[in-house]
Amino acid sequence: MSTTALRSPNNVLANAVEDAIDVLRPRILATDADTIEFTVGTQINGHPHIGTHLVQSLAFLVAQEARDAFGIEAKVCFHALDNAPAETATDPMTGTVYQRTYRHMLTEGAIRDLLDEHYTRLFDTLASRTGVPFTVTTYSGQQEMPEYRAEFLRTLEHLDGIRWWLSPAYGAAHIRIPCPQCGWSEKHAEQTRLVELDDSGALFTAVCLNHGHYEANIDPFGGGYLDLATLYRNVVKERCYRPGHTLPVMVKGGDWTFGCQLVDGAHGAIGVPAVPPLRIFTPLILAPDGGKLSKSLLLQTEQAGQAATGWLLNPSAWPGSTEDYVGALTETAELLLSDPKHFFRSYTTTELERLMTTRRSTSPANQGQGRPRNMAIYRQYFDLIANGSKTVEVRVAYDSMKRIRPGDLLRFTCREDACLTRVKRVASYRTFKEMFATEDVKAVNPTATEEEQLRAIHAIFPPEKEALGVLAIEIDRVNPDA
Ligand SMILES: [Zn+2]
């Protein structure tokens, strides 16, 4: 078992749940979805800092825990915001600010290279560690999709209702449609006008820095590039999701808890009863002065020549291998997720540095053959595994569970406690009853009869889950120091 010196105060949300992922349960219970997809968006301007990597790591770990706890397939969708501004210019005559996005500055290949450089290693490691698959999409790819464009066109019917939510000070919805000739667009869309809206699409007029007035059409299947500012983009993205086989969850940095007030206001103003989006907010990372760790702060800090720990701002400066950095990052993310009090709070860079560097040298047994797979488990069962009296763990045979093989390391977790085990044997059965006919009832749970255990299991797993099959996983405790 591992313990740490991390202490966190209680708060309303942490107090209401047993585990951070419990916030997903109401929606999961109300859906027939067989897959849960965690979407995490990241601006691709320059190298990421620790806060970005932490949100991404937590997306994988939350997905893994949700998969294991709710018995639902889970995946991560990494959404690269290649519409981040790469350069700006001001029209000397009018003072209008123009910008050009990364997508309009770089080739698609150059954007792939950027993603590769900053994220691929981390994502591959997280995917193999958690068994959670991931996809990478770009904003440019998303804005081309007919459903995204159609959803945007629907919001235009409510433009007067939403523009004050998207821009409470000025009431200006920032719809940027870059000049088709040079790719520059007005940053604040002051001169961009919606002139026509009908069933087939929308017609805008706008002004280019180099080419003056131009017209641009947006329809579901074509037209100009549609660059929406952050709040508007999130409103459209969240409305694109329909209840179905996949349950979408937005993974957002903690600072979004403030911003989502405006997104929700816009959803309300549109009024169509969209299912409210499911979001999970990750800890906010703060600079020593209490402000959010940000890229602009990073620049100021560099300019001021202050020696903030370099690797917090630029992970490539970590004093060790990339693998070592990813290991420390993942273990820290696991620690934050291990208790809702650790998850629903903020961390200063100082505390985060302490956690990442302390755990680096004392990391629990993850050096052996293969990384352990984490399995969240209720306290009563955790204690039985930890004291060695429960040697068979029972799970529904989801695809993710079917990947477990003899010899694999399983790390059972309950809050901050962990118990490392190795798989001796995996047996599959058609039903729980059939399983109990073969397996030793006392090895599954030494404190309950077969009848009591079946009743408890059936209360958790409805017949359609049991229909997937049942796995009995025989385990042996492993001494992490051995
Ligand atoms: Zn132009």
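Residues numbered from 1 in each chain as written. Predicted model: local features only at pLDDT ≥ 70, side-chain atom pairs only at ≥ 80, totals over all residues. Heavy atoms only, no water.

Some words on the side chain of Asp-68
Moving on, step 1. For Asp-68, the location among the structural elements is in helix H3 (residues 50-70).
Moving on, step 2. If near-sequence neighbours (up to four positions away) are discounted, Asp-68 is found in contact with Arg-373, Asn-374, Met-375, Arg-395 and Met-401. (Helix = DSSP H or I, 4+ residues; strand = E, 2+ residues; numbered from the N terminus. Contact = heavy atoms within 4.5 Å.)

Considerations on the packing of aromatic side chains
Moving on, step 1. Counting across every chain of the model gives 14 aromatic pairs.
Moving on, step 2. Look at Trp-311 and Trp-318: their rings are 4.6 Å apart centre to centre, the planes differ by 85 degrees, and that puts the pair in the edge-to-face class.
Moving on, step 3. On the basis of relative accessible area, Trp-318 is assigned to the buried category, the value being 5%.
Moving on, step 4. One aromatic cluster is present, formed by Phe-60, Phe-78, Tyr-119, Phe-123 and Phe-134 through successive ring pairs.
Moving on, step 5. Between Lys-252 and the ring centre of Trp-256, over which it is positioned, the NZ or CZ distance is 3.9 Å.
Moving on, step 6. Over the ring of Tyr-347 we find Arg-345; its NZ or CZ atom is 3.8 Å from the centre of that ring. (Phe/Tyr/Trp six-rings, centres within 6.5 Å; stacked < 30°, edge-to-face > 60°. Buried < 20%, exposed > 50% of the residue type's maximum accessible area, 1.4 Å probe, protein only. Lys NZ or Arg CZ within 6 Å of the ring centre and 35° of its normal.)

A closer look at the domain arrangement of the protein
Moving on, step 1. Domain annotation of the protein identifies domain 1 (12-86 + 101-168 + 229-284) and domain 2 (373-477).
Moving on, step 2. For domain 1 and domain 2, the distance between their C-alpha centroids amounts to 32 Å.
Moving on, step 3. Contacts between domain 1 and domain 2 engage 12 residues on the former and 13 residues on the latter.
Moving on, step 4. Among the residues of domain 1 in contact with domain 2, Asp-68, Gly-71 and Glu-73 are the three that bury the most area, contributing 44% of the side total.
Moving on, step 5. In this assembly, domain 1 and domain 2 are joined by 2 salt bridges.
Moving on, step 6. Among the ionic pairs, Arg-373 bridges to Asp-68, the shortest N-O distance being 3.6 Å.
Moving on, step 7. Our count for the domain 1 to domain 2 interface comes out at 3 residue pairs in polar contact (both at pLDDT 80 or more).
Moving on, step 8. Here the side of domain 1 that touches domain 2 takes 5 residues from H3, the largest share from any one element. (Domains from an automatic or database assignment. Buried area = accessible area lost by both parts, 1.4 Å probe. Salt bridge = Lys/Arg side-chain N within 4 Å of Asp/Glu carboxyl O. Polar contact = N/O pair within 3.5 Å; in protein donor to acceptor, adjacent residues only side chain to side chain.)

Some words on the coordination of the zinc ion
Six octahedral donors at a metal ideally form angles of 90 or 180 degrees, and four tetrahedral donors ideally form angles of 109.5 degrees.
Moving on, step 1. Looking at the zinc ion, the protein donor atoms are Cys-179 (SG), Cys-182 (SG), Cys-208 (SG) and His-211 (ND1), and they sit 2.1 to 2.3 Å from it.
Moving on, step 2. In this structure, the zinc ion is surrounded by 4 donor atoms whose angles at the metal cover 94 to 115 degrees, and the resulting shape is tetrahedral.
Moving on, step 3. For the zinc ion, the donor residues sit on a single chain with the sequence spacing C-x2-C-x25-C-x2-H. Of the two residues, Cys-179 is situated in the loop between strand S6 (175-176) and strand S7 (185-186) and His-211 in the loop between strand S9 (201-208) and strand S10 (212-219); the sequence distance between them amounts to 32 residues.
Moving on, step 4. Here His-211 falls in the partly exposed class, since its relative accessible area comes to 35%. (Donors = N, O, S within 2.8 Å, 3.2 Å for Na, K, Ca; no water. Tetrahedral: all angles 85-135°; square planar, octahedral: opposite > 155°, others 65-115°.)

With respect to the environment of Thr-42
Moving on, step 1. Within the secondary structure layout, Thr-42 lies in strand S1 (residues 35-43).
Moving on, step 2. Residues Thr-42 and Thr-138, spaced 96 residues apart in sequence, show a C-alpha to C-alpha distance of 9.7 Å.
Moving on, step 3. Setting aside chain neighbours within four positions, we find Thr-42 in contact with Thr-52, Gln-56, Phe-78, His-79, Ala-80, Leu-81 and Tyr-119.
Moving on, step 4. Polar side-chain contacts of Thr-42 include one of 3.1 Å to the side chain of Gln-56.

Focus: the sheet that holds strand S13 (residues 246-253)
Moving on, step 1. Read across the sheet, 5 strands follow the order S5-S2-S1-S13-S14 without closing on themselves; strand pairing throughout is parallel. In the strand order of this sheet, the two ends are held by strand S5 (134-138) and strand S14 (278-282), each with one partner. Direction aside, neighbouring strands of the sheet carry axes that sit 25 degrees apart on average.
Moving on, step 2. When S13 meets S14, the two strands line up parallel, connected through 5 bridges. Bridge pairing in S14 links Val-249 to Leu-278.
Moving on, step 3. Against the sheet, helix H9 (residues 230-240) touches S1, strand S2 (73-81), S13 and S14, its axis set at about 160 degrees to S13. (Pairing = 2+ DSSP bridges. Axes fitted to C-alpha atoms, helices over the stretch in contact; angles between N-to-C directions.)

Observations regarding the nonpolar core
Moving on, step 1. The biggest cluster of nonpolar side chains holds 63 residues, and the ones touching the most others in it are Leu-24, Ile-36, Phe-38 and Ile-50.
Moving on, step 2. In terms of residue count, H3 provides more of this core than any other element does, 11 residues in total.
Moving on, step 3. Excluding residues that lie within four positions of it along the chain, Ile-36 makes contacts with Leu-24, Ile-28, Ile-72, Glu-73, Ala-74, Lys-75, Leu-247 and Val-249.
Moving on, step 4. Counting residues in hydrophobic clusters, the runner-up holds 36 residues, among them Val-207, Tyr-225, Leu-228 and Trp-256. (Core = buried A, V, L, I, M, F, W, Y, C linked by side-chain atoms within 4.5 Å.)

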